[in-house]
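Below, each chain spelled out in residue letters.
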Amino acid sequence: MEYILIFISAIFVNNVVLSQFLGICPFLGVSKKVDTALGMSAAVAFVLTLATAVTFGIQKFVLDAFGLQYLQTITFILVIAALVQMVEIVLKKVSPALYQALGVFLPLITTNCCVLGVAILVIQKDYDFLTGLVYAFSTAIGFGLALTVFAGLREQMNFSALPKGMKGTPITLITAGLLAMAFMGFSGVVKI
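Residues numbered from 1 in each chain as written. Predicted model: local features only at pLDDT ≥ 70, side-chain atom pairs only at ≥ 80, totals over all residues. Heavy atoms only, no water.

Q: I'd like to hear about a nonpolar patch on the surface, residue by residue, with values.
A: Judged by side-chain polarity, Y70, L71, I74, I77 and L78 come together as a nonpolar surface patch covering roughly 520 Å² of accessible area. Along the chain, the position of I74 falls in helix α4 (residues 72-94). (Patch = residues over 30% accessible without salt bridge, like charges linked within 9 Å, V, L, I, M, F, W, Y side chains within 5 Å. Areas by Shrake-Rupley, 256 points an atom, 1.4 Å probe, with all protein chains shown as cover. Salt bridge = Lys/Arg side-chain N within 4 Å of Asp/Glu carboxyl O. Helix = DSSP H or I, 4+ residues; strand = E, 2+ residues; numbered from the N terminus.)

See the structure below:
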């Protein structure tokens, strides 16, 4: 039951983009088309889950064991960057088609603060390994949901007659705010 609550909470109630404001750069930058949003969502889900697993082990068996907790942020940044590079190299060798499909998204994930934020939140919330993985994967699904819904809204806005002063960034930010308010409606569903 705890995993189901974490799953629902991470996707809807505490959405990493819309309520915690992590991952705003790709949320605004990659959300012009649904296809690119889906590609970015898949890449983030894979890297976020993998990075959380690796950083959890490093935190518990290296940083905590040797009293080096103060190096957490810089260590996690380096680990995430290295993981993204390794995933890119492996995909290039093993599956060139998937590498081409995710091509531009993999380097973008290195600078996505959502990945670092979730890795740190798993440690701060004192989750065990499995709970941390469920939280990371659920958060990635929530990120993907918000990104895809927002991309769909932006695609529909291309067909709307907007005042000249509202086109581009202004209507994008207003729409993001309205989407965040819509997700606030889920706040009473789960208490965790």
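Q: I'd like a description of the pattern of salt bridges, backed by residues and values.
A: Counted under the stated rule, the structure contains one salt bridge. We note a salt bridge from D126 to K60, for which the minimum N-O separation is 3.9 Å. Here D126 is found in the loop between α7 (113-124) and α8 (129-157), whereas its partner K60 is found in helix α3 (residues 34-63), with 66 residues between them in sequence. Judged by its relative accessible area of 58%, D126 falls in the exposed class. Given a relative accessible area of 27%, K60 falls into the partly exposed group. (Buried < 20%, exposed > 50% of the residue type's maximum accessible area, 1.4 Å probe, protein only.)

Q: Could you give an account of helix α9 (residues 169-184), naming the residues involved and the relevant values?
A: Its 16 residues place the ends of α9 23 Å apart at the C-alpha level, agreeing with the 22 Å of an ideal helix rising 1.5 Å per residue. Every buried residue belonging to α9 is among I171, T172, T175, A176, L179, A180 and F183, and all of these are buried. (Expected span 1.5 Å × (residues − 1).)

Q: Residues and numbers for the environment of M157, please.
A: Note that M157 resides in helix α8. On a C-alpha basis, the gap between M157 and I174 in space is 12 Å, while along the polypeptide they are 17 residues apart.

The values are spatial; any link to function lies outside them.
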